[in-house]
There are 2 protein chains.
Amino acid sequence: MSSAASKTTRVKADNIVAYMQDRGARARAAARGIARADTGTKNAALFALAQAIVDERKALLEANAQDLREGRANKLDESLLDRLELNDKRIEAMAEGVREVANLPDPVGEITDMKLRPSGIQVGRMRVPLGVVGIIYESRPNVTADAAALCLKSGNAAILRGGSEALRSNLAIARCLERALTDAGLSRDVVQVLDNTDRRAVSEMVAMPQYVDVIIPRGGKGLVAAVSQAARVPVIKHLDGICHVYIDAEADLEKAVAVAVNAKTQRYGTCNTMETLLVDQAIAARVLPTLAEIYTEAGVELRGCEATRKILLEAKPASEEDWHTEYLAPILSIRVVSGLDQAIDHIETYGSHHTDAIVSENYTKIRRFLREVDSSSVMVNASTRFADGYEYGLGAEIGISTDKFHARGPVGLEGLTSLKWVVLGDGSVR
Amino acid sequence: MSSAASKTTRVKADNIVAYMQDRGARARAAARGIARADTGTKNAALFALAQAIVDERKALLEANAQDLREGRANKLDESLLDRLELNDKRIEAMAEGVREVANLPDPVGEITDMKLRPSGIQVGRMRVPLGVVGIIYESRPNVTADAAALCLKSGNAAILRGGSEALRSNLAIARCLERALTDAGLSRDVVQVLDNTDRRAVSEMVAMPQYVDVIIPRGGKGLVAAVSQAARVPVIKHLDGICHVYIDAEADLEKAVAVAVNAKTQRYGTCNTMETLLVDQAIAARVLPTLAEIYTEAGVELRGCEATRKILLEAKPASEEDWHTEYLAPILSIRVVSGLDQAIDHIETYGSHHTDAIVSENYTKIRRFLREVDSSSVMVNASTRFADGYEYGLGAEIGISTDKFHARGPVGLEGLTSLKWVVLGDGSVR
């Protein structure tokens, strides 16, 4: 750990509680201002942030180089160092991401469904910010700018707590943020980047319902599970992505191959990548050999049930464990099923309610699949890889929720808001 | 405690864990069936429940009489005994409430906003049940039927845990439920009424995220706070209702009087009753005397700030404590404010974000009030007493949320659902 970081962490627990309470109180106070800020002011802050990031490129790279040096000295994992690294291209992408958020429509203040009631009142709903959003993340410094932009645009105050390995990079971005907020006439407390990387700060932050309205952990399963376990406030969380494609007996073979190949091979490490392929027994012998050839060419290891292995001699046997596994790797498990019911049963038993697709031309089976598969995204004749905020038209996503409460699937600006009731009367009484 | 109740509570903690795990697992299994059940089947079960309640009137009254006898022997509070009591009228109202839920539109399966994306996919959302809803409540046996009906109609499985004082009444209603579910061909586990009134069953129930998707505590502040504190799953909760009416300088005096009188005096013990009246200094001398006369006539005790007491000599002085207090009684605190800003400041400082109203004819001030007051219901020229599921057209409410996450204000069938993503493609790939 760096000397700068360790200095801040060598404080007493009491001090950490006081530190977080102070940050929380400041966020709560700032939330009121940003909730009422008009769209123009918020956009001005966002464009100023993008500009500051570009202007401060050198300072960002220097801070990041120090983080990287220390990370290497601390023998951090290569993949973690890669995520940590900033370069000119990534800095430009970060600024562009902020500009894109500025260009999204403002969700706050939208009034819908104003209906007249028999009593004479008119009732509808207005979209409003959640209040204070706490984000806990690892390594990638661009999350600092991304998350700040999404919270700000949706009228929320934010407390951002990045990993200790990226502290200097994050604080350099924090300076850009401060400049942008101040330039736009907003409180610098609207987005606070924590300079205390003590783990106890996180435990405190997720247990302050008086100051924090929702926590979004962005990182590995370990982080998400730990945060959810400790949280005393609502959490928008993403756990497993065990996604399935089911090729129905009445699938168009060309579409089936296109979807099943893309869902597995377009990228291996993403949560919306297919991990298990389900194939109706009536079509298995026709479609599996074609697919196996393409998968093998791409270097995907195949693991199959008994029926699969009768068709694909090269497939290894799949164990019960395989159906439960999110490989995040070029490995695919394949199961031949007796039909739609067994496919849905398999998905509901082994899936993670993330994203599941059917390939079929049969109207009735498609309707059943859409209704009965309880996943945050259900798809027809489309690759599971589409489960993404940009692809869905949200513009950007703060995360993907595998929960059912509040928001499911990709969470954009709307997921950072809720609806309050608006009642218009004319001296109306009950 | 009754011998029947104490028998079930004299079990070891291990047994209670096993008991709740079993109930949870059964609810999770039943959730899948009820989520896919068609509207006709759900309505058939609801009408059968209403009929069973009417048919079993005698058995319900007998079970309730036993609860009441024991409650009196245990020296329960009179108001609690009143809430506990069933009679012919209340039984008919309970059956009618269930029929009303049957007659509401089914929220499940509704598909909205199917938009075409540049990639060629079409993306929208489908309303789906949350899964398993746990309800924890006190005394009123009608909650058993109400909550069961709302959960069933919204496609959720439910675990209902009433108070020990109402155990026999609740189990008698549970028998009606079981008959209705079975008659409609649904699993009896769709709605489970717990027969174990050990407090540890509650602690276990609110900490089983694998089996329970949301907890709704319905009862006093003590119950709600205790449940929220212990919960490991999302909670839809209702805490304070410190509601305000602000009479602006540009208020229509007739409307101001109508709204301010109704908001306070229509009922005293409800959460949407006004507790503090804010009056612009420019209009205070004109409106307060008229109001004070009506309040005094109605037996409402007035407590005012200094400026109020210069106009209303009879008003007692209001302390800082008064602005924080939900009286739930014929007491009203009154504060004269310098204008809209101070009114909003007061509401944001002392209010509970429940329901707040402005009385004004000024367009700009009304718009600011609606936008800047962060309450679950914001009203213009209407009594705060309108904050209610029936008045808003929800048909019925499972509760009122003072949280911002997921649902704010009156929560009806829609609040028991969430939206999943639906993606339609044509062999679409990324």
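Here the structure is a predicted model, which means the values were calculated and not measured.

### Regarding the overall build of chain A
Regarding its fold elements, chain A presents 17 helices and 16 strands. Here the C-alpha radius of gyration of chain A, 24 Å, is about what a compact globule of 430 residues would show, namely 22 Å. Counting only C-alpha atoms, chain A reaches 70 × 65 × 40 Å along its principal axes. Expressed as a percentage of the 430 residues in chain A, the buried residues total 59%. Sequence-distant contacts, at least 24 apart, represent 73% of the contacts inside chain A between residues at least 6 apart. Of the roughly 16700 Å² of accessible surface on chain A, a fraction of 49% belongs to carbon and sulfur atoms. Across chain A, the centroid of the 53 positively charged side chains sits 6 Å from that of the 58 negatively charged ones.

### Remarks on the packing of helix H11 (residues 253-265) of chain A against helix H12 (residues 281-298) of chain A
The packing of two helices is summarised by the inter-axis angle and the distance between the axes. Residue and element names in this part refer to chain A. Following both chains from N to C, one finds H11 and H12 inclined at 35 degrees, their axes separated by 10 Å at the closest point. Two packed elements cross with a definite hand, and for H11 against H12 that hand is right-handed. The residues of H12 that touch H11, namely those facing Leu 253, Ala 256, Val 257, Ala 260, Val 261, Lys 264 and Thr 265, are Ile 283, Arg 286, Val 287, Thr 290, Leu 291, Ile 294, Tyr 295 and Ala 298.

### Things to note about the interface of chain A and chain B
Of the residues lining the interface, 77 residues belong to chain A; the matching set on chain B comes to 76 residues. Between chain A and chain B, the buried area comes to about 6300 Å², and carbon and sulfur atoms account for 51% of it. Where chain A meets chain B, there are ten salt bridges. Arg430(A) is the salt-bridge partner of Glu391(B), the closest N and O atoms lying 3.3 Å from each other. Counting across the chain A and chain B interface gives 58 residue pairs in polar contact (both at pLDDT 80 or more). Element by element, the count of residues in the side of chain A that touches chain B is highest for strand E16 (residues 417-428) of chain A, at eleven residues.

### Things to note about the relation of the copies chain A and chain B
Copy one and copy two of the chain differ by a rotation about a common axis and a shift along it. Rotating chain A by 180 degrees about the axis while translating it 0.0 Å along that axis superimposes it on chain B, leaving an RMSD of 0.0 Å. Here the two chains are linked by the operation of a two-fold rotation axis. Relative to the rotation axis, the closest C-alpha in chain A is found at His406(A), a distance of 2.0 Å. By residue overlap, the copies meet face to face through one surface: 99% of the interface positions of chain A are interface positions in chain B.

### What about the UniProt feature "domain: Aldehyde dehydrogenase" (unreviewed entry) in chain A?
On the UniProt side, "domain: Aldehyde dehydrogenase" (unreviewed entry) is annotated at positions that read residues 27-296 of chain A here. Helix makes up 53% of residues 27-296 of chain A and strand 17%, whereas the separation of the span's terminal C-alpha atoms amounts to 53 Å.

### So, the pairing of strand E3 (residues 132-137) of chain A
Residues and elements named next belong to chain A. With six of six residues buried, E3 is to be regarded as a mostly interior element. Going residue by residue along E3, you find Val 132, Gly 134 and Ile 136 tucked away on one face and Val 133, Ile 135 and Tyr 137 tucked away on the opposite face as well. For E3 and strand E4 (residues 157-161), the ladder comprises five bridges, and the chain directions are parallel. When the bridges of E4 are listed, Gly 134 appears paired with Ile 159. Read as a crossover between parallel neighbours, the route from E3 over helix H7 (residues 142-153) to E4 is right-handed.

### Observations regarding the environment of Pro410(A)
Topologically, Pro410(A) is positioned in strand E15 (residues 409-411). Accessibility expressed as a relative area gives 5% for Pro410(A), which makes it buried. C-alpha separation for the pair Pro410(A) and Asp388(A), spaced 22 residues apart in sequence, amounts to 5.8 Å. With near-sequence residues (within four places) excluded, Pro410(A) lies in contact with Ser377(A), Ala387(A), Asp388(A), Gly389(A), Tyr392(A), Leu394(A), Glu397(A), Gly399(A), Ile400(A) and Trp421(B).

### What to know about the environment of Asp183(A)
One can find Asp183(A) in helix H8 (residues 167-183). Remark: the alpha-carbon pair of Asp183(A) and Ala45(A), spanning 138 residues in sequence, is separated by 7.1 Å.

### Considerations on the sheet that holds E3(A)
Residue and element names in this part refer to chain A. Strand order in this open sheet of four strands is E5-E4-E3-E6, and the pairing throughout is parallel. The sheet is open, and its two edges are formed by strand E5 (191-193) and strand E6 (214-218), each paired on a single side. Averaged over all pairs of adjacent strands, the angle between their axes in this sheet comes to 15 degrees, without regard to strand direction. Note: E3 against E6, five bridges, orientation parallel. Bridge assignment links Gly 134 to a residue of E6, and that residue is Ile 215.

### With respect to the sheet that holds strand E10 (residues 316-317) of chain A
If you trace the ten strands from one edge of the open sheet to the other, you get E10(A)-E9(A)-E11(A)-E8(A)-E7(A)-E12(A)-E13(A)-E16(B)-E2(B)-E1(B), paired in mixed fashion. One side of each edge strand has no neighbouring strand; the edge strands of this open sheet are E10 of chain A together with strand E1 (111-116) of chain B. Where strand E2 (residues 122-129) of chain B and strand E16 (residues 417-428) of chain B come together, eight bridges link them in antiparallel fashion. By the bridge assignment for E16(B), Pro129(B) is matched with Thr417(B).

### Focus: the pattern of salt bridges
Overall, the coordinates contain 70 salt bridges over all chains when judged by the stated rule. Lys237(A) is paired through a salt bridge with Asp403(A); the nearest N and O atoms lie 3.1 Å apart. On the criterion of sequence distance, the pair formed by Lys237(A) in the loop between helix H10 (221-230) and strand E7 (243-247) and Asp403(A) in the loop between strand E14 (399-401) and E15 is long-range, its members being 166 residues apart. Accessibility expressed as a relative area gives 17% for Lys237(A), which makes it buried. Taken together, the salt bridges that share partners define one network made up of Arg36(A), Asp341(B), Arg368(B) and Glu372(B).

### Focus on the packing of helix H3 (residues 39-55) of chain B against helix H7 (residues 142-153) of chain B
All names here are of chain B. One way to put it is that H3 packs onto H7 with a least axis distance of 9 Å and a crossing angle of 165 degrees. Accordingly, the angle class assigned to the pair H3 and H7 is roughly antiparallel. As H3 runs across H7, the sense of the crossing is right-handed. Across the interface between the two elements, Lys 42, Asn 43, Ala 45, Leu 46 and Ile 53 from H3 touch Ala 145, Ala 149, Leu 152 and Lys 153 from H7. Classifying every residue of the contact of H3 with H7 by side-chain character gives six nonpolar, one polar and two charged.

### With respect to the packing of aromatic side chains
Considering all chains together, one arrives at three aromatic pairs over all chains under this definition. Geometrically, the ring pair formed by Phe405(A) and Phe405(B) is tilted, given 6.2 Å between the ring centres and 45 degrees between the ring planes. One end of the pair, Phe405(A), is in the loop between E14 and E15; the other, Phe405(B), is in the loop between strand E14 (399-401) and strand E15 (409-411), on a second chain. We note that Phe405(A), like Phe405(B), is buried. Taking the centre distance of 4.8 Å and the plane angle of 40 degrees together, the rings of Trp421(A) and Tyr392(B) count as tilted. One end of the pair, Trp421(A), is in strand E16; the other, Tyr392(B), is in helix H17 (residues 389-392), on a second chain. Geometry around Trp421(B) places Arg125(B) over its ring, the cationic atom sitting 4.7 Å from the centre. Looking at Arg335(B), its charged tip hangs above the ring of Trp323(B), at a distance of 6.0 Å from the centre.

### So, helix H3 (residues 39-55) of chain A
Between the first and last C-alpha of H3(A) there are 24 Å, a value that for 17 residues agrees with the 24 Å anticipated at 1.5 Å per step. Three or more residues of H3(A) are buried, namely Lys42(A), Asn43(A), Ala45(A), Leu46(A), Ala48(A), Leu49(A), Ala50(A), Ala52(A) and Ile53(A).

### Things to note about the pairing of strand E12 (residues 355-359) of chain A
Every regular strand shows the same layout, with side chains that alternate between the two sheet faces. All names here are of chain A. Counting buried residues along E12, five of its five residues qualify, which places the element largely inside the surrounding structure. What you see with E12 is no split at all: Thr 355, Ala 357 and Val 359 on one side and Asp 356 and Ile 358 on the other are buried throughout. Bridging between E7 and E12 involves four bridges; their strand directions are parallel. Pairing of Ile 247 across the sheet is with Val 359, part of E12. As defined by bridge partners, E12 adjoins strand E13 (residues 377-382) across four bridges and the pair is classed as parallel. The residue of E13 that forms the bridge with Ile 358 is Val 380. Note on the crossover from E12 through helix H16 (residues 363-372) to E13: the handedness is right-handed.

Scoring rules and cut-offs
Residues numbered from 1 in each chain as written. Chains lettered and ligands numbered in written order. Predicted model: local features only at pLDDT ≥ 70, side-chain atom pairs only at ≥ 80, totals over all residues. Heavy atoms only, no water. Helix = DSSP H or I, 4+ residues; strand = E, 2+ residues; numbered from the N terminus. Rg over C-alpha atoms; globule rule 2.2 N^0.38 Å. Buried < 20%, exposed > 50% of the residue type's maximum accessible area, 1.4 Å probe, protein only. Contact = heavy atoms within 4.5 Å. Areas by Shrake-Rupley, 256 points an atom, 1.4 Å probe, with all protein chains shown as cover. Lys, Arg positive; Asp, Glu negative; His and termini not counted. Charge placed at Lys NZ, Arg CZ, Asp CG, Glu CD. Axes fitted to C-alpha atoms, helices over the stretch in contact; angles between N-to-C directions. Left-handed = near helix turned anticlockwise from the far one by under 90°. Buried area = accessible area lost by both parts, 1.4 Å probe. Salt bridge = Lys/Arg side-chain N within 4 Å of Asp/Glu carboxyl O. Polar contact = N/O pair within 3.5 Å; in protein donor to acceptor, adjacent residues only side chain to side chain. Least-squares fit on C-alpha atoms with pLDDT ≥ 70 in both. UniProt positions renumbered as here; feature names shortened; annotations may be inferred. Pairing = 2+ DSSP bridges. Right-handed = clockwise from strand over helix to strand, strands pointing away. Parallel < 35°, antiparallel > 145°, perpendicular 65-115°, else oblique. Nonpolar A, V, L, I, M, F, W, Y, C, P; charged D, E, K, R; others polar. Phe/Tyr/Trp six-rings, centres within 6.5 Å; stacked < 30°, edge-to-face > 60°. Lys NZ or Arg CZ within 6 Å of the ring centre and 35° of its normal. Expected span 1.5 Å × (residues − 1).

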